[in-house]
Amino acid sequence: MLAWIPFLEPCNALQSVWYLLLIPLSFGISLMYRAIRETVVGNYWRSVLIMTTQIIVVIAALGVGVGLVVELLIPFTSSP
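All figures in this text were calculated on a predicted structure; none of them were measured in a lab. (Residues numbered from 1 in each chain as written. Predicted model: local features only at pLDDT ≥ 70, side-chain atom pairs only at ≥ 80, totals over all residues. Heavy atoms only, no water.)

## Considering the packing of aromatic side chains
Then step 1. Taken as a whole, this structure holds two aromatic pairs when the rule is applied.
Then step 2. Plain terms: the ring middles of Trp18 and Tyr19 are 6.0 Å apart, the flat faces sit at 80° to each other, and that makes the pair edge-to-face.
Then step 3. On the basis of relative accessibility, which here comes to 58%, the residue Trp18 falls in the exposed class.
Then step 4. Owing to a relative accessible area of 48%, Tyr19 belongs among the partly exposed residues under this scheme.
Then step 5. Seen in terms of ring centroids, Tyr44 and Trp45 are 5.0 Å apart; in terms of plane orientation they differ by 70°. Their pairing is edge-to-face.
Then step 6. With a relative accessible area of 15%, Tyr44 lands in the buried category. (Phe/Tyr/Trp six-rings, centres within 6.5 Å; stacked < 30°, edge-to-face > 60°. Buried < 20%, exposed > 50% of the residue type's maximum accessible area, 1.4 Å probe, protein only.)

Spelled out as structure tokens, the structure:
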């Protein structure tokens, strides 16, 4: 651990489950954004959960979309 260089040699501990880090990341973003934007305190946690769900669903859909482009569209355009 003494010779570990963070940006040049990434830590291998979370490589198999890196996508699960999206949940706390999106929750934190929603928490901060809604704390600034929400005018009624009663709707705060509901709007945080809705925004967290929206972020996760949209990023998952973007991942599926990019995966489809890479698997289907790019081989189709490069074939003779």
